[in-house]
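Remarks on the overall topology
Listed below are the residues making up each chain.
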Amino acid sequence: MSESLNTELAAIEATAVSYLTAFNREDVAGVIATYADDGVLMAPGRPSSAGKEALAKIYPGVFGKIDFNMAYEIKEVVQTSADWAFVRSATKGTETIKATGEVAPATYEELFLMRKSADGAWNIARYCTTKTS
């Protein structure tokens, strides 16, 4: 594997890790920073949200209701072209409903579709997550 491909794969993975880490910290600004300007969130039981402005309205509501204590595992990082890639991950941990204090185990699987921007940074173009338990 070439050094440039290894560098690209590391940068692609780093974007997903940045998102997952910011999400676990309930860091709205950190989450939004990982998205492309026209990025789309596809979450369980919700209509898609497109663009950073819409995303900046969605994530505070999520974090206001649920406390996440999750650990992630990157399962796959694939660069499909010079400007496109995907990352598949899985998270597992607990969710606490803030209104009631109820704690429940939770697992998710995620798919990040990444796009390289004009400045060379990898951003989330599309993010799809599904709750598996």
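Here the structure is a predicted model, which means the values were calculated and not measured.

Attention now goes to the overall build of the protein chain. Counting secondary structure elements, the protein chain contains 3 helices and 6 strands. Going residue by residue from the N terminus, the α and β elements of the protein chain occur as α-α-β-β-α-β-β-β-β. What you see for the protein chain is a C-alpha radius of gyration of 15 Å, in line with the 14 Å of a compact globule of 133 residues. Seen through its C-alpha atoms, the protein chain measures out along the principal axes to roughly 50 × 30 × 20 Å. Residues counted as buried form 35% of the 133 residues belonging to the protein chain. Pairs at least 24 residues apart make up 52% of the contacts formed inside the protein chain by residues separated by at least 6 positions.

Attention shifts here to the pattern of salt bridges. In the structure shown here, the tally under the stated rule is 8 salt bridges. Asp27 is the partner of Arg25 in a salt bridge, and the nearest nitrogen-oxygen pair spans 2.8 Å. Here Asp27 falls in the partly exposed class, since its relative accessible area comes to 25%. Ionic pairing is found between Glu95 and Lys131, a salt bridge with its closest N-O pair at 2.8 Å. With Glu95 in strand β4 (residues 84-97) and Lys131 in strand β6 (residues 122-131), this residue pair connects regions lying 36 residues apart in the sequence. On the basis of relative accessible area, Lys131 is assigned to the partly exposed category, the value being 40%.

This paragraph deals with the layout of surface pockets. Counted as a void, the largest pocket has a volume near 520 Å³. Around the largest pocket sit 24 residues that line it, and Phe23, Ala43, Val62, Phe68 and Tyr108 are the ones nearest its centre. When residues of the lining of the largest pocket are assigned to their parent elements, the largest contribution, 5 residues, is made by helix α3 (residues 52-65). The residue inventory of the lining of the largest pocket, partitioned by class, reads 15 nonpolar, 4 polar and 5 charged.

Scoring rules and cut-offs
- Residues numbered from 1 in each chain as written.
- Predicted model: local features only at pLDDT ≥ 70, side-chain atom pairs only at ≥ 80, totals over all residues.
- Heavy atoms only, no water.
- Helix = DSSP H or I, 4+ residues; strand = E, 2+ residues; numbered from the N terminus.
- Rg over C-alpha atoms; globule rule 2.2 N^0.38 Å.
- Buried < 20%, exposed > 50% of the residue type's maximum accessible area, 1.4 Å probe, protein only.
- Contact = heavy atoms within 4.5 Å.
- Salt bridge = Lys/Arg side-chain N within 4 Å of Asp/Glu carboxyl O.
- 1 Å grid on protein atoms, 1.4 Å probe; cavity = no way out; pocket = protein on both sides within 12 Å on 5 of 7 lines; lining within 4 Å.
- Points joined across faces, edges and corners; volume = space filled by probe spheres on them.
- Nonpolar A, V, L, I, M, F, W, Y, C, P; charged D, E, K, R; others polar.

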